[in-house]
Amino acid sequence: IIGSPGSGKSTLARRVGEILGIPVYHLDRLYWNPGWEPTPGERWRKIHRRLLEKPRWIIDGHYASTLGERLSAADALFYLDFPRVLCLRRTISRALRGHREDMADGCPEKFDADFLSFLAYVWNFPGRDGRSVEDLLRRTRPGLRVHRLRSPREVEDFLEGLDVPPRRD
């Protein structure tokens, strides 16, 4: 599940995971260490590869440096292509709460210079990262199901139409 910060990637991942009984992995929780310290490059790639080796997974997070690997291993891509104002509003609202359950411990949301830079990233996402996603979508491999959802209503409609697999008792 990819998209701008504040688009609802983690929420969608949790909900789909609950409905389908598939484990969910939040890249923010795995990449960041206390004090907003990033996981070093090779260690990060190893963690990411281990996720992809699992038989079933839902991974939320854009993380462009590893996106190609995820798409090669995935059977579906969810792209939350929401308006930037909505993503910005949600990002600010989330920061006011102070912590996200999908974020690593020791990484509190706070209003500082880094947060202002992050807001600029959210605002510029459609123009910068959105263009690279558009290019990526044009080049997706055959068989990859792409779900481009452009509003919270489209997400709800998608979730309502999800088939729950039969129980194996």
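Just above sits the structure.
For the structure given in this document, a descriptive report is provided here. (Residues numbered from 1 in each chain as written. Predicted model: local features only at pLDDT ≥ 70, side-chain atom pairs only at ≥ 80, totals over all residues. Heavy atoms only, no water.)

Quick word on the pairing of strand β6 (residues 76-80)
Argument step 1. Within β6, 5 of the 5 residues are buried, which leaves the element mostly enclosed by the surrounding structure.
Argument step 2. Residue alternation in β6 divides its side chains into two sets, Ala76, Phe78 and Leu80 and Leu77 and Tyr79, and both sets are buried.
Argument step 3. Inspection of the sheet shows strand β1 (residues 2-3) paired to β6 by 2 bridges, in the parallel sense. Bridge pairing in β6 links Ile2 to Tyr79.
Argument step 4. In terms of strand pairing, β6 meets strand β7 (residues 145-149) through 5 bridges, oriented parallel. The residue bridging Leu77 from the neighbouring strand is Val146, located in β7. (Buried < 20%, exposed > 50% of the residue type's maximum accessible area, 1.4 Å probe, protein only. Helix = DSSP H or I, 4+ residues; strand = E, 2+ residues; numbered from the N terminus. Pairing = 2+ DSSP bridges.)

Points about unusual backbone geometry
Argument step 1. Positive phi, close to 60°, is recorded for Trp36, a residue that is not glycine.
Argument step 2. The phi dihedral of Tyr63 is positive, around 35°, even though this residue is not glycine.
Argument step 3. Take Tyr63: it is sitting in the loop between β5 (58-60) and α4 (64-73).

Here we look at the packing of aromatic side chains
Argument step 1. Taken as a whole, this structure holds 9 aromatic pairs when the rule is applied.
Argument step 2. Consider the rings of Tyr31 and Trp32, whose centres lie 5.0 Å apart with planes at 90°: the pair is edge-to-face.
Argument step 3. Since its relative accessible area comes to 23%, Trp32 is described here as partly exposed.
Argument step 4. A ring pair is formed by Tyr31 and Trp44, whose centres lie 5.0 Å apart and whose planes are at 80°; its orientation type is edge-to-face. One end of the pair, Tyr31, is in helix α2 (residues 27-31); the other, Trp44, is in helix α3 (residues 41-53), and 13 residues separate them in sequence. (Phe/Tyr/Trp six-rings, centres within 6.5 Å; stacked < 30°, edge-to-face > 60°.)

As for the packing of α3 against α4
Helices that pack against each other are described as a pair by the angle of their axes relative to one another and the distance between those axes.
Argument step 1. Following both chains from N to C, one finds α3 and α4 inclined at 15°, their axes separated by 10 Å at the closest point. Between α3 and α4, the interaxial angle falls into the category roughly parallel. In the packing of α3 onto α4, the handedness of the crossing is right-handed. Between α3 and α4, the contacting residues are Trp44, His48, Arg49 and Leu52 on the first element and Ser65, Thr66, Glu69, Arg70 and Ala73 on the second.
Argument step 2. Residues that form the contact of α3 with α4 fall into these classes: 3 nonpolar, 3 polar and 3 charged. (Axes fitted to C-alpha atoms, helices over the stretch in contact; angles between N-to-C directions. Parallel < 35°, antiparallel > 145°, perpendicular 65-115°, else oblique. Left-handed = near helix turned anticlockwise from the far one by under 90°. Contact = heavy atoms within 4.5 Å. Nonpolar A, V, L, I, M, F, W, Y, C, P; charged D, E, K, R; others polar.)

Things to note about the layout of surface pockets
Argument step 1. Its volume calculated, the largest pocket comes out at about 980 Å³.
Argument step 2. Asp28, Arg94, Arg100, Met103 and Phe118 are the residues nearest the centre of the largest pocket, which is lined by 36 residues in total.
Argument step 3. Counting residues per element, the ones that place at least two in the lining of the largest pocket are α1 (9-20), α2, α5 (84-97) and α6 (113-124).
Argument step 4. The residue inventory of the lining of the largest pocket, partitioned by class, reads 10 nonpolar, 12 polar and 14 charged.
Argument step 5. Put simply, the second largest pocket is a space of about 540 Å³. (1 Å grid on protein atoms, 1.4 Å probe; cavity = no way out; pocket = protein on both sides within 12 Å on 5 of 7 lines; lining within 4 Å. Points joined across faces, edges and corners; volume = space filled by probe spheres on them.)

Points about the sheet that holds β7
Backbone hydrogen bonds hold the strands of a sheet together, and the pairing may be parallel or antiparallel.
Argument step 1. Overall, parallel pairing links the 3 strands, which are arranged β1-β6-β7 in an open sheet. On the outer flanks of this sheet lie β1 and β7, each paired with one strand and no other.
Argument step 2. The strands touched by α1 are β1, β6 and β7; relative to β6, the strand with the most contacts, the crossing angle is about 140°.
Argument step 3. Against the sheet, helix α8 (residues 152-160) touches β6 and β7, its axis set at about 135° to β7.

Purely geometric numbers; function is a separate question.
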